[in-house]
Each structure stands twice: as C-alpha cells, then as structure tokens.
Amino acid sequence: MEKTLKELADYLGGEVIGDENIKIKGVMTIDEAREGYITFVSNIKYLKKIEETAASAILVSPGIAAKGKNLLVTKNPYLAFAKVVDLMMNPEKVYPRTLDSSASVSDSAQIGSNVTAYPFVFIGENVKVADNVVLYPGVYVGDDCQIGKDTIIHPNTVLHKGTVVGERVVIHSNTVIGCSGYGYAPDGKTYYKIPQVGITVIEDDVDIGANTTINRGVLGETRIKRGTKIDSEVMIAHNVEIGEDTLITSQVGIAGSVEIGNNVILAGGAGVAGHIKVGDNVQVGGWSGVIKDLPSGGTFLGTPAIEIERMRKIKDTIKDLQKKVKQLEERLGPDQK
Amino acid sequence: MEKTLKELADYLGGEVIGDENIKIKGVMTIDEAREGYITFVSNIKYLKKIEETAASAILVSPGIAAKGKNLLVTKNPYLAFAKVVDLMMNPEKVYPRTLDSSASVSDSAQIGSNVTAYPFVFIGENVKVADNVVLYPGVYVGDDCQIGKDTIIHPNTVLHKGTVVGERVVIHSNTVIGCSGYGYAPDGKTYYKIPQVGITVIEDDVDIGANTTINRGVLGETRIKRGTKIDSEVMIAHNVEIGEDTLITSQVGIAGSVEIGNNVILAGGAGVAGHIKVGDNVQVGGWSGVIKDLPSGGTFLGTPAIEIERMRKIKDTIKDLQKKVKQLEERLGPDQK
Amino acid sequence: MEKTLKELADYLGGEVIGDENIKIKGVMTIDEAREGYITFVSNIKYLKKIEETAASAILVSPGIAAKGKNLLVTKNPYLAFAKVVDLMMNPEKVYPRTLDSSASVSDSAQIGSNVTAYPFVFIGENVKVADNVVLYPGVYVGDDCQIGKDTIIHPNTVLHKGTVVGERVVIHSNTVIGCSGYGYAPDGKTYYKIPQVGITVIEDDVDIGANTTINRGVLGETRIKRGTKIDSEVMIAHNVEIGEDTLITSQVGIAGSVEIGNNVILAGGAGVAGHIKVGDNVQVGGWSGVIKDLPSGGTFLGTPAIEIERMRKIKDTIKDLQKKVKQLEERLGPDQK
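Here we summarise the structure given alongside this text.

Criteria and cut-off values
Per-chain numbering applies: the sequence of each chain, read as written, is numbered from 1 onward. Key to labels: chains lettered from A, ligands numbered from 1, both in the order written. Owing to the predicted nature of the model, reporting of local features is limited to residues with pLDDT of at least 70; listing and counting of side-chain atom pairs is limited to 80 or more, with chain, interface and lining totals taken over all residues. Side-chain measures here rest on the full set of heavy atoms in the structure, leaving out hydrogens and waters. For this analysis, residues touch if any pair of their heavy atoms sits within 4.5 Å. In this description, buried area is defined as the sum, over both parts, of the accessible area (probe of 1.4 Å) that is lost when the two are combined. Between Lys or Arg on one side and Asp or Glu on the other, a salt bridge is scored when a side-chain nitrogen of the former is within 4 Å of a carboxyl oxygen of the latter. A 3.5 Å cut-off defines polar contacts: any pair of N or O atoms within that distance qualifies, except that in protein one atom must be a possible hydrogen donor and the other a possible acceptor, and neighbouring residues in sequence count only when both atoms are side-chain atoms. Strands are runs of DSSP state E lasting at least 2 residues, helices are runs of H or I lasting at least 4, and numbering of each runs from the N terminus. Each residue gets one of three labels, nonpolar for Ala, Val, Leu, Ile, Met, Phe, Trp, Tyr, Cys and Pro, charged for Asp, Glu, Lys and Arg, and polar for the others, Gly among them. Fitting of the copies onto one another was done by least squares over C-alpha atoms, counting residues only where both copies have pLDDT of at least 70. Strands pair, by our definition, only if DSSP identifies at least two bridges between them.

1. Observations regarding the interface of chain B and chain C
Logical step 1: Contact with chain B, which involves 59 residues of that partner, is made by 58 residues of chain C.
Logical step 2: Across the chain B/chain C interface, buried area totals approximately 4,500 Å², and carbon plus sulfur atoms make up 64% of it.
Logical step 3: On the chain B side of the interface with chain C, the three residues burying the most area are Tyr182(B), Leu219(B) and Arg331(B), jointly 17% of the side's total.
Logical step 4: Across the contact surface, chain B and chain C share one salt bridge.
Logical step 5: When the shortest N-O distance is used, the salt bridge between Asp143(B) and Lys93(C) registers 2.9 Å.
Logical step 6: Counting every contact that joins chain B to chain C gives 18 residue pairs in polar contact (both at pLDDT 80 or more).
Logical step 7: Listing elements by their share of the side of chain B that touches chain C, those giving two or more residues are strand 20 (176-179), strand 21 (184-186), strand 22 (191-193), strand 34 (271-272), strand 37 (289-290) and helix 3 (308-332) of chain B.
Logical step 8: Per element, the largest residue contribution to the side of chain B that touches chain C is nine residues, and it comes from helix 3 of chain B.
Logical step 9: Of the residues contributing to the side of chain B that touches chain C, the split by class is 31 nonpolar, 19 polar and nine charged.

Have a look at this one:
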C-alpha cells in the first residue's frame, strides 16, 4: 500500500518540503532506510544522520533544514512516525472471535459478543467478559473477575480472583495481576500471614508489560488509573495507587501503600519504599531509591533519591574542599619540619 | 457474620476499653472505616488518625489512649488485625478436590486423597502428590517431584524435575522452581554449560511470590528452610541455602552458593554476591549490594553494604572536613597575595 | 557407571598424580564428597579444603600439590568438572518425539522430524519447527515463528509473532520473547502507542533463563548473537543488539537500542540506559548503572558506571583530604583564640 508524501502529509496534518509526489512504501530506521521509504530521527544525537540517509523522505520538526532532502514537517515527528507505521505496516490482527473448545469456561461466566478465548484459557465462576475481548492461550481468569471491552490479554497471564480490568487495556504475557501480597505478622515464634482480601483495579487504556506482578489490596484495592503505562518485570505491591498517564518503566519496584501521582515518570530499575507519596509530574532517574515523599514537579536521582541539583552539590562539595585545601597548603608554603 | 467487640476480645485474648457490646461487621482501613467496622493503624506515622476515624472500634497496643473511642487492646495489634480479617472476611475457598479431565497426569504419579488438579495441569513421571494439595490451571510438575500435604500452587507455576516441596507451602503464579542454573566454563573458544544435576528443596510453611525464580543445585541442592517467606520477582541461584523464618522481599537477587541465616530480613531490591555468608538476624536495607560476609545481628546498607553506623560516618567525614577547612581558613585570615 | 581415574584422565586429556586405578562413581562437592567420588574446588577461597576432603580424587590445575591425595591435573579443572558430570551423572532425557493430542497445532505449521510437543502447547499459523525440537507443556509459539533444530523450550514460555530462534538454543520456563516493547509518543493529552512491528532473533547456541523478557524491534529487530548466555529475571528492550559469547547475568536490565559487544560480562542487577554502546570484552560490576558509552576492554563499576581505577580514586580523594587537613592543623598548632 504505497502513499505519496502529500497523502501522508494530509493524513498527519503536516507540510512537505521537497517533492510531494514521491512514493513511500513504508517506514525504516535512519541507518537502514532505502529509497522508497520514509524515516525519522529517534534521538537528538543522531540528527546529523539526516544528511547521510538513503531514505526518500524524513519526518522532522519545524526548523530542521536538509538540502536536497524531502522533508515531512510536523510538530511531533515521533507521534507522526507512530501514526505512519500504524497506517502502512501494522495490519489489524484477525481473531477467531469464538471460545475455543479447549478453553475451560465456567457455566456462571457472562461472556459478551465477539470474545476470543484461545485454547487452554481458564475462566472461573461469575466472571464477566465484555465484547471483543481477546484472551490468548493459557490465560487464567479467576473467580469474580471483570474485563472491559476491547481488552487484550496475552498468553499465560494470570488475573486473580476479583480483579477488575477496564476497556482497551493490554496486558502482556506471563504477567500476574491481583496476586496475594506479602504481609506477615510475627507471632513470637514464626510469621502469621496477613490475609489479603482486597482486589486490584486496572482502569481504561492502561498497558502492562510481560512478567510483571501487581498485588491486590490487603483490604480495599490496588489501583492503576486511566492511561498509565507499565513496562515489563515490574513489581507493584498491595494497596498501591498510581495516577493517570504515568510511565512506570521496566524493573521498577513499588512497595506497599505507595501513592504515585499523575504524569509521573519512574525510569528503569527505580524503587519506592512503602507508604511514600510521590506528587504529580515527578521524574525519578533510573536505579534510584525513593525513601521520602517527593513533592510535585521535581526531578530526583540516587539512593536515597534527592533533587538533581542537590546531587550536583555533593560532587561540588568534594571538588571545593580539594581546591580550598590546596590554597591553604600554598599559603603555608613548604613544611619546614 | 457480626461479632460483638467482647467476642473479638475473647477470640484474640485482648481487653476492651469502651463499649464491649458494640457490633462489628468487618475490618476496614483507618481512612475508609465506617460505623460498624473495626480498624487498626498499620504504620506509626498514622497514629494521629485514631482520633479522626469513623470506625466503631480500633485495635491498639497497650498504653494507647483515645477519648470516646472503643479500643480493643492486644500486645500485637497487627497480628490481631490479621486474625480478625481471617475470622470475618476470608471465607475458605472450596476446591473441586478432583483431577480435572483436562489435566495431564502420568500413570506413574502417586496422587493422595482430596487432591485438586485444575484443567491444563501437567504431572510428570513418578511424581508424588500428598493429600489436599491444590494445583491451579497451567501448573507444571516435572518428573520425580514431591509435594507435601495442604500445599497450594497457583496458576502457570513450574516445578522442574526432582523438586521437593514440603507441607502447607504456598507458591504464587508464574514462578519457576528448580530451573537449571547459570553456570558456564570457558573452553577457549566459547562456553561449556555446567550440567545442573542437583535439586531444589522447599521446606514446610514456606511462601513464595509470583514471577520468582529459584534454581536447583549444580550438585546437591538449593534449600529454602521452614517458615521462610519469599516475595515476588525474586531471583535465587543454584546451591543457595536460606535459613528458617527469613524474609526475602521483592526483587531481591541472591547469587550462587550463598548461605543466609535464620530470621534475616533482606529488603526490596537488595542483592547478595556469590559465595557470601549472611549470619542470623541480619537486616539488609533496600537496594543494597552485599559483597562481603555479614556477621549475625547487624543492620547493613548501601553498595557495598556496610554497617548503618559506618554509613553515617562517611557523611560525617565530609561534613567534618568542611568544618575543619573553614576553621583553617579563618585562622589564616584573608589571603594577602 | 564406574570409571577408573585413568579412564577419566584419558577422557579429559589430563594427567594423574597418585593411584590411577582407583574407581570413581561420580562427582561430589568438596564439603560432601565421600570415598569413591571425585571432587573439585569451585572457588579459590576453598583451596585449603583439598587437604581435608574425603574424596578419592580431586580435579586440580597444574602446580597444585596435595600430599597423599589422588589428583587429576588438567589445564581447566572447572571445564573438566563439567565434562565428568555430563559423562557420569547427566543421563540424556528421553522425549516422546511426538505431538501430544492435547497440543494445539495450526494446519499451516511445518513441523520437522522427531519434534516433541507436550500437552497444552500452542503453535500458531505458518510456524516452522525444525527436527528434534522439544516444546514443553504450555509453550506458546505465535504466528510466523521459526525454531531451529535441537532447540529446547521449557514450560509456559511464550514466543511472540515472528520470533526467529536458532539451533541448539535453550529457553527456560515462563520467559517471554518477542513481546511488544514499551514506546509511547505524548500526543498533548495522553500517550499514543508506538506500534512495534519488528521481530526478535535468537541466534544459535544461545541460552536464556527463566522469567526473562526480550522485546521485539520497533522496526527491524532485537538480536541476541551466537553463544551468548542470558540468565533469569533479565529485561532486554526493543532493538537491542547483543554480541557473541556475552554473559548477561540475572536481573540485568538493558534499555532500548543498546548495542553490546562480544565477550562482555554484565554482572547481576547491572543496568544499561537507552542508546548506549558497550564495546567488546567489557566487564560491568553488579548493580552498576551504565549511562555513557563504554570502550572495549575495561572494567566498570557503580552508578554512573566508571572505570574501577577511577572509583578507587574517589575513595582515595577523601582519605587524601583528611590527611592533608590533619597536616595543616598540625602545622598551625593549637588555635590560640
């Protein structure tokens, strides 16, 4: 399905600099792109590659010039790239839209229209599955779960009893949602398990990666709010609440009863200790350990995580000490002893 | 199932301050509790919330006073909370207690009484499963495994060949026990895989979280001792031995041939390098990296993990240097050059 | 199957010091070894145990002497140990070499000779599976995947659409390969998912541990090259390229578009930020965070990861400051104020 550069510009609401009739077959990365393809720059450090690419056109932001190149200018070239890939290279998957005879579906489950359950899916008692849901092979849906329409759950993922999943949610493979959390009361001899009788709620438009674990509430709930995106190999403990449109990247760990705001970014491998509050629009650097509440809007780094400006100060403190000691030594001159 | 506060006090061995005839319907968190519910304080920093809660009663330790509130005083309110939730809100799950026709059970397996095998369970050759064991959908039990009575294994968990699991063990979803470990001998050109012919032993009353991996011994065994509780997304390598009643929280990583004592706590994200010994009653802080043997009884923090007192000293060293340099500068007065 | 020490020496290309006719039944660790067994020293810190072991023989490197002990001397005792275990204690597993009737195999799949598909295996459209492949229970093979001969995939592992796996690859349980990666473009209101239309390629002789996640390319591919060994609980993001014979140990996290060279070692819990290049023969210490390109051949440690020599310098800087300040104080004498 070829498109002219003009057709793509119209689709994206962008502007062409160069030959608007050139034919585009698809999208390729800037290193691999050949004639007939459009490309883009994913990272500012590769900007100079625009000059060298063999691509027939390049998605760029306003103000970028490249002599002799065909440019498609939009305010948000990364978004434009995503939309062109979806348009030209991402055919919609056709699902069977039936319950396979090798799936195990309880009689009390309420299943909507056009639901796909692949072989070896297990659906427990009193489960509600809305229209167009896709359950891949080996998915386990415990008793009393609810799954909203257009949601896709990838192979071997487990939803424990009572989990509520919204609409247009995507959960990747081998992930565990609504697992009984980790809580033990010492009883003088050994540990008594704190019963975990709450649930987990995943709101609309949330994505969750592979091999991630999200526990249910002890009482009440663990809640992931609308539009939040969680990566793979992440751990989220009981009674955590994560706001809207927040990004939780891979290998992040969030301990019990943490509250995280809206539009937060936790970079890979960061951790948050129990009962901490993280405000809106906070950014936490990779491999940082948060052990104090973080106010809205700051950028924090290190373990314990501190504001990025204060981190620079610690390095400066040592450099400053070195300089001052050298000055003192010079002023005293060589030791006469 | 309502109870009076007096009935709860008798059940727990506690004492009522206030109205012992008040009816309790269940347990709620201190923020959400309404009339008719009992609550508790999970964290010392919420203690002042006792005054504001709408709960009909509060579980407290001796010595806590709250005018006009009904208190149920026990030595261990956290344990009391767990017991009341179990009593009032945690109905025992009723299992089918049969082998589902969609489970695959080898002819040579010995299966006890009242065992539940849900659909898509696989049980290999010469496996022994004791009475009342529950195997959820998708559980894989490799050849020669043994599972003790009253043990519950959650969906899609994998027990590899020869794994021995004790009684009353709980293993959560998508966890892998007895996996072949990571060992390679360089042979001059590439790597030769060290064969892993040992097993994994999980003793009685151990809990293991979701998405956790525990490797088997190279020779001999990996052993998790009685009463130890392991959280989710944890990695335990070959030939590790973990003592009794030890707490291993989420995302902890333990390298090969490590020995960990009894009553140890490893906080979230901590790691222990290969061949290290950690004594009894040690506590290791979150995200710490242990690279030296740790004697019994201390608290350790940081990477490399050092005693918490020494960590404070490093910060003090820099502050002390700043102070001394300032004093020296003052004594020398302004530089005349 | 007993062997004489001479037979083992001939098999390994080694030399006997002591009684070459002594009979060996198997291999045991140095602490547990009894008469009739051969042992070895896994770690230099246990070298003195050679004197105390009850083993009938010990695998050692040239130059190690132990009076009255039977020694089998080879250049690489660790490799020799592995080969003796394989010879004497690691019977080859006998597979059914058939497709179980409880497996779900699409009509369009091309299945080679002697392939084993255990119950509850799912094989999608247009999959190609070469000779002697073993797919354990619950394995999911998405549409268009290719699996090379003699490859073994352990229970409940998921290969997503289009994944290409080489020959003699081993993938452990509950691992996810070719998962859609984590990429979102902010669109002014919320996030637009970057479509992930690439694939993952696992070359020959790669091993991958349990509960590991490897994403596919956004465009193009994620590629793990020949002979590389990846441990458990590892996260590898989209478009990563890992060289040959590289060791990625447990809980390592590698962000998008990272390039890692040949013969690299990333120790447990290390992380690499996006778009970083790591040269050949680099070693990165445990729990280190790599945020700058690393040239070939160095050893790096800490977060941000720096050369091990520079790390020592920071500690030395503080010690040096303490020493100089003390000297300055002594030269000025007691403060008279």
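2. Digging into the relation of the copies chain C and chain A
Logical step 1: Superposing chain C onto chain A takes a rotation of 120° plus a shift of 0.1 Å along the axis, which leaves an RMSD of 0.1 Å. Within this description, the copies of the chain are treated as partners about a three-fold rotation axis.
Logical step 2: The fraction of interface residues of chain C whose copies in chain A are also interface residues is only 18%, indicating that the copies meet through different surfaces.

3. With respect to the sheet that holds strand 23 (residues 199-202) of chain A
All names here are of chain A.
Logical step 1: One open sheet holds the nine strands; their spatial order is 9-12-15-18-23-26-29-32-35, and the pairing between them is parallel. Each edge of the open sheet is held by one strand with a lone partner, namely strand 9 (110-111) and strand 35 (277-278).
Logical step 2: In this structure, strand 26 (residues 221-224) lies alongside strand 29 (residues 241-242), joined through two bridges in parallel fashion. Its bridge partner lying in strand 29, Arg223 is registered against Glu241.

4. Regarding the interface of chain C and chain A
Logical step 1: Counting from both sides, the interface comprises 60 residues of chain C and, opposite them, 58 residues of chain A.
Logical step 2: The junction of chain C with chain A conceals about 4,500 Å² of combined surface from both sides, 64% of it contributed by carbon and sulfur atoms.
Logical step 3: Inspection of the region where chain C meets chain A yields one salt bridge.
Logical step 4: Among the elements of the structure, strand 20 (176-179), strand 21 (184-186), strand 22 (191-193), strand 25 (213-215), strand 34 (271-272), strand 37 (289-290) and helix 3 (308-332) of chain C are those that each provide at least two residues to the side of chain C that touches chain A.
Logical step 5: Looking at side-chain class alone, the side of chain C that touches chain A contains 31 nonpolar, 20 polar and nine charged residues.

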